[in-house]
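Structural features, examined
Chain by chain, the residues:
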Amino acid sequence: VTAPEPPSVHVKHYRDTAARCAAERNYRWLSGLDGVFRVPRLLWSEGDRLGFERVTGRHAAPADLVPLAGHLGTLHAAAFATALRGARLDAPFRTAPGHLIPGFLEGRLTAVVRELARGEVPGAALTSSQAAALLRGACGEPAAIYKDANPRNFLITAAGTVMVDFDDLTLAPFGYDLAKLVVGLAMTHGALPATQIADALHAYHTATHRHLPGLAALTWGKLMAWAEIHHILTSRYLGRAGYRHSWHDIRPAAPAGPARKAIGPGDPL
Ligand SMILES: Nc1ncnc2c1ncn2[C@@H]1O[C@H](COP(=O)(O)OP(=O)(O)O)[C@@H](O)[C@H]1O
Ligand SMILES: [Mg+2]
């Protein structure tokens, strides 16, 4: 009888012990949510490093957008229903187990203003004051989460989708992290058909609505507004991390006809 092979380890290094602790707390909080994503097992934790079970899978691709949108909707609804009902987006929130999740504006507002002031966001669709109004204006909405849904933070395996990278977790409005996935996929693979984005919006809405029937539907316009915030925050990474296309070259026009009606009136963006 041979002993089972020990799992092979994916070691992640953090800038310091505090950053490792924060990622570990995010990991534990996220794995406790009743979501549809699996997470790799955490094998050990030490100093500035975490040892995760190594997962064999591929990064998310455009064909995964619609199912992933549904999974994100389920995750966000679970986060809201089990932990974030009392959270306000403009303030940090301490969950019952004592985990502190930064607010939506914290850091983000400053980063958006700084990126626009550098003047290097190609074809930015928002001025600094428009972006600030958009971020602040969302703060009365119910709180979901941002956990950086870029396509490299999902490993697609035969046994389902595994979520990795627990470094960044903040409160965010519903739809915000879905927009990150849309922008990340498009920056990596090129323009996505508007109909596919509309299908993703529909899948996200169906999933959130199943758990939270009272939640207002995410509109095309709102999703695209969040995409513009991600464009502002992500364009500096163009040419790195697999990002080969700039959002300003590949923004979709709203789908015409019934698809658009089905997803709500939308805003002017
Ligand atoms: N547990 C794991 N098993 C296998 N590969 C992993 C695992 N965690 C991360 N990776 C791979 O390493 C990449 C970078 O890891 P990630 O935690 O996302 O770090 P970063 O902060 O650099 O984005 C991921 O996109 C994925 O391809
Ligand atoms: Mg990552």
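A word on the environment of Arg244
Here Arg244 shows up in the loop between helix H7 (220-234) and helix H8 (247-250). On a C-alpha basis, the gap between Arg244 and Thr188 in space is 5.5 Å, while along the polypeptide they are 56 residues apart. With sequence-adjacent residues up to four places away left out, Arg244 is seen in contact with Met187, Thr188 and Leu238.

Thoughts on the coordination of the magnesium ion (ligand 2)
Protein-derived ligands of the magnesium ion (ligand 2) are Asn153 (OD1) and Asp165 (OD), with the metal-ligand distances lying across 2.1 to 2.2 Å. With a gap of 12 residues between them, Asn153 in the loop between strand E7 (143-146) and strand E8 (154-157) and Asp165 in the loop between strand E9 (160-163) and strand E10 (170-173) connect regions that are remote in the sequence. Taking relative accessible area as the criterion, Asn153 reaches 4% and is therefore assigned buried.

Concerning the site of ligand 1
In the neighbourhood of ligand 1, 14 residues make up the surrounding shell, with Lys12, Val55, His59, Arg152 and Asn153 lying closest. One of the side-chain nitrogen or oxygen atoms of Lys12 is found 2.7 Å away from an oxygen atom of ligand 1. Considering ligand 1 on its own, with 540 Å² of exposed area, one finds that the protein chains cover 71% of that surface. Class assignment for the residues of the shell around ligand 1 results in five nonpolar, three polar and six charged.

Comments concerning the packing of helix H3 (residues 108-118) against H7
Their axes nearest at 9 Å, the elements H3 and H7 cross at an angle of 65 degrees. Relative to H7, H3 is oriented roughly perpendicular. For the pair H3 and H7, the sense of crossing is left-handed. Facing H3, whose interface residues are Arg108, Ala111, Val112, Glu115 and Leu116, H7 presents Ile229, Ile232 and Leu233. Considering only residue class, the contact of H3 with H7 consists of six nonpolar, no polar and two charged.

Details of the sheet that holds strand E3 (residues 49-53)
Pairing is antiparallel in the open sheet, where three strands are placed in the order E1-E3-E2. With partners counted over all chains shown, the strands left at the sheet margins are strand E1 (9-13) and strand E2 (42-46), one partner each. Each strand axis lies, on average, 15 degrees off the axis of its neighbour in the sheet, ignoring direction. When E1 meets E3, the two strands line up antiparallel, connected through five bridges. Each bridged residue has a counterpart across the sheet, and for Val9 the counterpart in E3 is Glu53. Of the strands in this sheet, E2 and E3 touch helix H1 (residues 17-31), which is tilted by about 155 degrees from E2.

Describing the confidence of the model for the chain
Here the chain averages 93 in pLDDT, while 95% of its residues score no lower than 70. Below a pLDDT of 50 lies the segment residues 259-269, which in the model reaches 21 contacts outside its immediate sequence neighbourhood of four places, other chains included.

Regarding the packing of aromatic side chains
Centre-to-centre distance and the angle between the planes together describe a pair of aromatic rings. Summed over the entire model, instances satisfying the criterion amount to nine aromatic pairs. Geometrically, the ring pair formed by Phe37 and Phe154 is tilted, given 5.5 Å between the ring centres and 40 degrees between the ring planes. Here Phe154 lies in strand E8 and Phe37 lies in the loop between H1 and E2, a separation of 117 residues in the sequence. Given the relative accessible area of 11%, Phe37 is considered buried.

Quick look at helix H4 (residues 128-137)
Where H4 is concerned, the buried positions are Ala131, Ala132, Leu134 and Leu135. Down the axis, H4 shows its buried residues gathered within 160 degrees of arc, on one side only. Counted as exposed and oriented over 90 degrees from the buried face of H4: Ser129, Arg136 and Gly137. Looking at the buried positions of H4, the neighbouring elements they touch are H3 and H7.

Overview of the pairing of E2
In terms of strand pairing, E2 meets E3 through four bridges, oriented antiparallel. The residue bridging Trp44 from the neighbouring strand is Gly51, located in E3. In sequence, E2 turns back onto E3 through a hairpin of two residues, with Gly47 there showing a positive phi of about 55 degrees.

Remarks on the nonpolar core
Counting residues in hydrophobic clusters, the biggest one holds 83 residues, and the most contacted among them are Trp29, Leu72, Leu84, Phe154, Trp226 and Ile229. Tallying contributions element by element places helix H2 (residues 65-84) first for this core, with 10 residues. Ignoring any residue separated from it by four or fewer positions in sequence, one finds Trp226 in contact with Phe104, Leu134, Leu135, Ala138, Pro173, Phe174, Gly175, Tyr176 and Ala179.

Concerning the side chain of Asp148
The topology assignment puts Asp148 in the loop between E7 and E8. Using a relative accessible area of 10% as the deciding quantity, one classes Asp148 as buried.

Cut-offs applied
Residues numbered from 1 in each chain as written. Chains lettered and ligands numbered in written order. Predicted model: local features only at pLDDT ≥ 70, side-chain atom pairs only at ≥ 80, totals over all residues. Heavy atoms only, no water. Helix = DSSP H or I, 4+ residues; strand = E, 2+ residues; numbered from the N terminus. Contact = heavy atoms within 4.5 Å. Donors = N, O, S within 2.8 Å, 3.2 Å for Na, K, Ca; no water. Buried < 20%, exposed > 50% of the residue type's maximum accessible area, 1.4 Å probe, protein only. Near = heavy atom within 4 Å. Polar contact = N/O pair within 3.5 Å; in protein donor to acceptor, adjacent residues only side chain to side chain. Areas by Shrake-Rupley, 256 points an atom, 1.4 Å probe, with all protein chains shown as cover. Nonpolar A, V, L, I, M, F, W, Y, C, P; charged D, E, K, R; others polar. Axes fitted to C-alpha atoms, helices over the stretch in contact; angles between N-to-C directions. Parallel < 35°, antiparallel > 145°, perpendicular 65-115°, else oblique. Left-handed = near helix turned anticlockwise from the far one by under 90°. Pairing = 2+ DSSP bridges. pLDDT = per-residue confidence, 0-100. Phe/Tyr/Trp six-rings, centres within 6.5 Å; stacked < 30°, edge-to-face > 60°. Arc of directions from axis to C-beta. Core = buried A, V, L, I, M, F, W, Y, C linked by side-chain atoms within 4.5 Å.

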